[in-house]
Amino acid sequence: AVKLGGGAFSSAAMLELDSTVQGFLPPRMTATQKDSLETAVGLMIYQTDGTEGFYFYKSTGWVLLGG
């Protein structure tokens, strides 16, 4: 398990990020780059063109989470 930042560690987490002054920055890419990825269920990226937003890959394909 890995913990980045201060505070108590959650034993339920494999990776925990803890900050009150910084955010999480996921991979950012275009729709073309996203569509050329080797996919895995659970993969998440931020699409920077077209319909911008967070995309999550599930067994039925890419799903827009929000923009």
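Residues numbered from 1 in each chain as written. Predicted model: local features only at pLDDT ≥ 70, side-chain atom pairs only at ≥ 80, totals over all residues. Heavy atoms only, no water.

Visitor: Give me the lowdown on the overall build of the chain, citing residues and values where you can.
Guide: Check the secondary structure of the chain and you find 1 helix and 6 strands. Listing every helix and strand of the chain by position from the N terminus yields β-β-β-α-β-β-β. Taking 67 residues into account, the globule formula puts the C-alpha radius of gyration at 11 Å, and the chain, at 14 Å, lies well above it. Across its three principal axes, the chain shows a C-alpha extent of roughly 40 × 25 × 15 Å. Burial analysis of the chain (67 residues in total) assigns 16% to the buried set. Entry remark: accessible area of the chain is about 5,000 Å², with carbon and sulfur atoms responsible for 56%. (Helix = DSSP H or I, 4+ residues; strand = E, 2+ residues; numbered from the N terminus. Rg over C-alpha atoms; globule rule 2.2 N^0.38 Å. Buried < 20%, exposed > 50% of the residue type's maximum accessible area, 1.4 Å probe, protein only. Areas by Shrake-Rupley, 256 points an atom, 1.4 Å probe, with all protein chains shown as cover.)

Visitor: Quick rundown of the confidence of the model for the chain? Include the residues and the values.
Guide: For the chain, the average pLDDT comes to 92, and 99% of its residues sit at 70 or higher. Mean pLDDT values over the elements of the chain span from 87, in strand S1 (residues 2-5), up to 98, in strand S3 (residues 28-29). (pLDDT = per-residue confidence, 0-100.)

Visitor: Residue-level account of the environment of Val41, with values.
Guide: Looking at the secondary structure, you find Val41 in the loop between helix H1 (31-35) and strand S4 (44-47). The spacing of Val41 and Glu52 is 11 residues in sequence and 20 Å in space, taken between C-alpha atoms. The contacts of Val41, once residues within four sequence positions are left out, are Tyr57, Lys58 and Ser59. (Contact = heavy atoms within 4.5 Å.)

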